[in-house]
Amino acid sequence: MKGLGGTTPLPPKGYVHACVGYNNDARRFIVHTKPLGDAGFLELLYKSAKEYGFDNEGILRIAYEAKDFKERMMITRAKGKVIRFDSV
């Protein structure tokens, strides 16, 4: 199944697309929605909103080092429920 515009596949049910990183070191992930309510993850989202704006539309943007995101944030919080998607 394709997303809007027919270019990006929709994530599996219970997951969202996220762009993690800064400038040229940004990567796309498919993230399970369960950790989105975790206090540590909410703090990260709040910091990201301050970086990118609270009214940012489109893909979820997370201000965090892409290389560290999968290992440090998601694996420990979501018990492996993150899928590296591709480079942005």
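It should be emphasised that the depicted structure is a prediction, and the values quoted were computed from it without experimental measurement.

How each quantity is defined
For every chain, the first residue of the written sequence is number 1, and numbering continues from 1 along that sequence. Since the coordinates come from a predicted model, pLDDT governs what is reported: local features require at least 70, and pairs of side-chain atoms require 80 or more to be given and counted, while whole-chain, interface and lining totals use all residues. Values reported for side chains reflect all heavy atoms of the structure, with hydrogen atoms and water molecules removed beforehand. Secondary structure follows DSSP: runs of H or I at least 4 residues long count as helices, runs of E at least 2 residues long count as strands, and numbering of each begins at the N terminus. Each residue gets one of three labels from its accessible area relative to the maximum for its type: buried under 20%, exposed over 50%, partly exposed in between, using a 1.4 Å probe on protein chains only. In this description, contact between two residues means that some pair of their heavy atoms is separated by no more than 4.5 Å. Here the expected span of a helix is defined as 1.5 Å times the quantity of residues minus one. Throughout, the arc means that of the directions going from the helix axis to the C-beta atoms. Pairs of N or O atoms within 3.5 Å make up the polar contacts considered here, provided that, within protein, one atom can donate a hydrogen while the other can accept it, and that residues adjacent in sequence are counted only when both atoms are side-chain atoms. In this text, buried Ala, Val, Leu, Ile, Met, Phe, Trp, Tyr and Cys residues form a nonpolar core when linked through side-chain atoms within 4.5 Å. Strands qualify as paired when DSSP identifies two bridges or more between them. By convention in these notes, a salt bridge is any Lys or Arg side-chain nitrogen within 4 Å of a carboxyl oxygen on Asp or Glu. Here a Phe, Tyr or Trp ring, Trp counted by its six-membered ring, pairs with any other such ring whose centre lies within 6.5 Å, and the pair is stacked when the planes are under 30 degrees apart, edge-to-face when over 60, and tilted otherwise.

Peer 1: Account for the overall build of the protein, with residues named and values stated.
Peer 2: When helices and strands are tallied, the protein shows 2 helices and 4 strands. Along the protein, helices (α) and strands (β) appear in the sequence β-β-α-β-α-β when read from the amino end. By the burial criterion, 28% of the 88 residues in the protein qualify as buried. Considering only contacts in the protein between residues 6 or more positions apart, those separated by 24 or more positions represent 53%.

Peer 1: I'd like to hear about helix H1 (residues 39–52), residue by residue, with values.
Peer 2: With 14 residues, H1 extends 20 Å from end C-alpha to end C-alpha; this agrees with the ideal 20 Å at 1.5 Å per step. Along H1, the residues classified as buried are Phe41, Leu44, Ser48 and Ala49. The buried residues of H1 occupy one face: seen down the axis, they fall within an arc of 140°. H1 presents Ala39 and Lys50 as exposed residues on the side facing more than 90 degrees away from its buried surface. Two to three positions downstream of the cap, the backbone nitrogen of Gly40 sits 3.2 Å from a side-chain oxygen, assigning the N-cap of H1 to Asp38.

Peer 1: Could you give an account of the nonpolar core, with specific residues and numbers?
Peer 2: Residues Ala18, Val20, Phe29, Val31, Phe41, Leu44, Ile62 and Phe69 constitute the largest nonpolar core, which totals 8 residues. Of all the secondary structure elements, the ones that give two or more residues to this core are strand E1 (15–20), strand E2 (27–32) and H1.

Peer 1: Give me the lowdown on the pairing of E2, citing residues and values where you can.
Peer 2: Here 6 bridges tie E1 to E2, and the two strands are oriented antiparallel to one another. Looking at the pairing, His17 lines up with Ile30 of E2. Count of turn residues in the E1/E2 antiparallel hairpin: 6 residues, of which Gly21 carries a positive phi of about 125°.

Peer 1: Run through the pattern of salt bridges, naming residues and quoting values.
Peer 2: Evaluation of the coordinates by the stated rule reveals 2 salt bridges. The closest approach of N and O atoms between Arg27 and Asp25, which form a salt bridge, is 3.2 Å. Classification of Asp25 as partly exposed rests on a relative accessible area of 27%. Of the charged contacts in the structure, one is a salt bridge between Lys47 and Glu43, with a shortest N-O distance of 3.4 Å. Taken together, the positions of Lys47 and Glu43, both in helix H1 and 4 residues apart, correspond to about one turn of that helix. For Lys47, a relative accessible area of 49% gives the class partly exposed.

Peer 1: Please provide a residue-by-residue account of the packing of aromatic side chains, values included.
Peer 2: Under the criterion given, the structure shown has 2 aromatic pairs. With 6.3 Å between their ring centres and 70° between their planes, Tyr64 and Phe69 make a pair best called edge-to-face.

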